[in-house]
Amino acid sequence: MSTTVGISRILTILMALTCGVLAANLYYAQPVLSLIGADFAMPPALESGVVTASQLGYALGLILLVPLGDVVENRKLILTTMGFCVLGCLGLLAAGSLPTLFLSMAVVGVTACAAQMIVPLAAHLAPPERRGAVVGNVMAGLLGGILLARPVSSLAAEYLGWRGVFLVSAGLMLALAALCAMALPRRVPPARQPYPALIRSLGHLFRIQPVLRRRALYHAAMFASFAIFWTGAPIVLMSPPYNYSGHAVALFTLSGVFGVCAAPVAGRLADRGYIRTGTIAAMSLAVAALLAASVAGGSMALFILAGILVDLGVQANLVIGQREIFALDDSIRSRLNAVYMAIFFLGGAVGSALTSPVLEAFGWTAVALMGAAFPATALAFVLTEKRSR
């Protein structure tokens, strides 16, 4: 039986922090790929595969684990998934070979999807008149974790090494899991759908919901651009001829924090009916960001500008897309969210996987132009869409 128990400000903050710490695990590796590569004597073309492993894992977790929130007691599901995420981080500490490294990173990615189990629970606990505010606050925590992960990782790795970053993350998750065990209420969903049918329904939703399909593919293109920029730029800036220190790269990655500002603005635009206008603006920002990055050369100012613009565009498009898909059907929001997130994280995985090989073969300008091509293609489709009435 499912019982709405309400949600306090403290519980909202706890859920937001937990989402942020979980989601951050997907991005800690991005600014320290050169350190990981050196530790394992990894070929440069393989380095971005570390990020790809976590993103593919996250997409898998969204498909296979997040839908369980519709049928399994939520607190138990969240805590169990967080426990395995801690084990994945500890596996990275002990990793002594490339297979162990990639397997542990994939486990971290799969189980970091616990963040997407917390958001629907927050929506369920919130009274209708506060639901939007509560979910917005929890999502702000999640986005904050994503955007702060890169600078935090860069700075921490200077003193603790890249493995120390994941040790700290494991400790934070254990502490938050203990608090969640005490604070989260039990919620047993009323649905009793067999697991195979639950998973099959995801593909069915993708086929029958054109809005879901369109928004997921649009954001897959945007997220590919995001992954290309934030995977490639730190590698370039820490390599000859630039040779920036970890501190300098950490300050550079802080530019992404401005992306949080896009979420409330995009939400208000969508609420007022400016979905098409907001989508075009968001995609245009991403294209402009990667074009600016392609001519940045050794200019840190242009790299910072590109980082600000790409994060503003991607976060705005994310919020607009969620606003559209959550309006489709209240009863299946968890699965709608799972499909949306899984598709666009696959786009990010493609972008990450392409970055190192293209960077090694053709250089940074080619990487940045490739990054611009993804949102430019999505923008072309948006501009040729039929306007809804």
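Scroll up a little and you will see the structure.
All figures in this text were calculated on a predicted structure; none of them were measured in a lab.

### Concerning the overall build of the chain
In terms of regular secondary structure, the chain is built from 15 helices and zero strands. The C-alpha radius of gyration of the chain comes to 20 Å, within 12% of the 21 Å expected for a compact globule of 389 residues. The principal-axis extent of the C-alpha atoms belonging to the chain is close to 60 × 55 × 35 Å. Buried positions account for 56% of the 389 residues belonging to the chain. A separation threshold of at least 6 residues defines the contact pool for the chain, and within that pool the share at least 24 residues apart is 84%.

### Here we look at the pattern of salt bridges
A side chain of one charge can pair with a side chain of the opposite charge when the charged atoms of the two come close. Enumeration according to the criterion identifies five salt bridges in this entry. Where Asp-39 meets Arg-163, a salt bridge forms, and the shortest distance between an N and an O atom there is 3.1 Å. In this pair, Asp-39 is assigned in helix H2 (residues 33–39) and Arg-163 in helix H7 (residues 131–183), connecting sequence segments 124 residues apart. Overall, Asp-39 belongs to the partly exposed group, its relative accessible area being 42%. For Arg-163, a relative accessible area of 21% puts it in the partly exposed group. Two residues, Arg-150 and Asp-311, come together in a salt bridge whose shortest N-O distance is 3.2 Å.

### What to know about unusual backbone geometry
In the Ramachandran plot, Ala-41 falls in the positive-phi region, its phi being about 50 degrees despite a non-glycine side chain. With respect to the helices, strands and loops of the structure, Ala-41 is situated in the loop between H2 and helix H3 (49–64).

### Comments concerning helix H1 (residues 9–24)
Across its 16 residues, H1 extends 22 Å between first and last C-alpha, which sits within 8% of the 22 Å expected from 1.5 Å per residue. For H1, the complete set of buried residues consists of Leu-11, Thr-12, Leu-14, Met-15, Ala-16, Thr-18, Cys-19, Gly-20, Val-21, Leu-22, Ala-23 and Ala-24.

### Considering the nonpolar core
Soluble globular proteins tend to pack their nonpolar side chains together in the buried interior. With 130 residues, the main nonpolar core has Met-15, Ile-36, Leu-101, Phe-229, Phe-303, Phe-345 and Trp-364 as its most contacted residues. A total of 18 residues in this core trace back to one element, the largest contributor, which is H7. When sequence neighbours within four positions are dropped, the list of residues in contact with Ile-36 reads Ala-29, Met-42, Val-50, Leu-101 and Trp-162.

### A look at the state of the cysteines
The bond known as a disulfide is covalent and runs between the sulfur atoms of two cysteines. Tallied over the full model, the rule gives zero disulfides. The cysteine Cys-113 is free of any disulfide, with Cys-85 supplying the nearest cysteine sulfur at 8.8 Å. In this structure Cys-113 comes out as buried when scored by relative accessible area, which is 0%. Between Cys-180, a cysteine without a disulfide, and Cys-19, which holds the nearest cysteine sulfur, the sulfur-to-sulfur distance is 8.8 Å.

### Section: the environment of Ala-266
Looking at the element boundaries, Ala-266 is found in helix H11 (residues 262–271). Counting along the chain gives 55 residues from Ala-266 to Val-211, while the straight-line C-alpha distance between them is 18 Å. Beyond its immediate chain neighbours, meaning those up to four positions away, Ala-266 contacts Ala-316, Val-319 and Ile-320.

Thresholds, definitions, all that
- Residues numbered from 1 in each chain as written.
- Predicted model: local features only at pLDDT ≥ 70, side-chain atom pairs only at ≥ 80, totals over all residues.
- Heavy atoms only, no water.
- Helix = DSSP H or I, 4+ residues; strand = E, 2+ residues; numbered from the N terminus.
- Rg over C-alpha atoms; globule rule 2.2 N^0.38 Å.
- Buried < 20%, exposed > 50% of the residue type's maximum accessible area, 1.4 Å probe, protein only.
- Contact = heavy atoms within 4.5 Å.
- Salt bridge = Lys/Arg side-chain N within 4 Å of Asp/Glu carboxyl O.
- Expected span 1.5 Å × (residues − 1).
- Core = buried A, V, L, I, M, F, W, Y, C linked by side-chain atoms within 4.5 Å.
- Disulfide = S-S within 2.5 Å.

These figures capture arrangement, not role.
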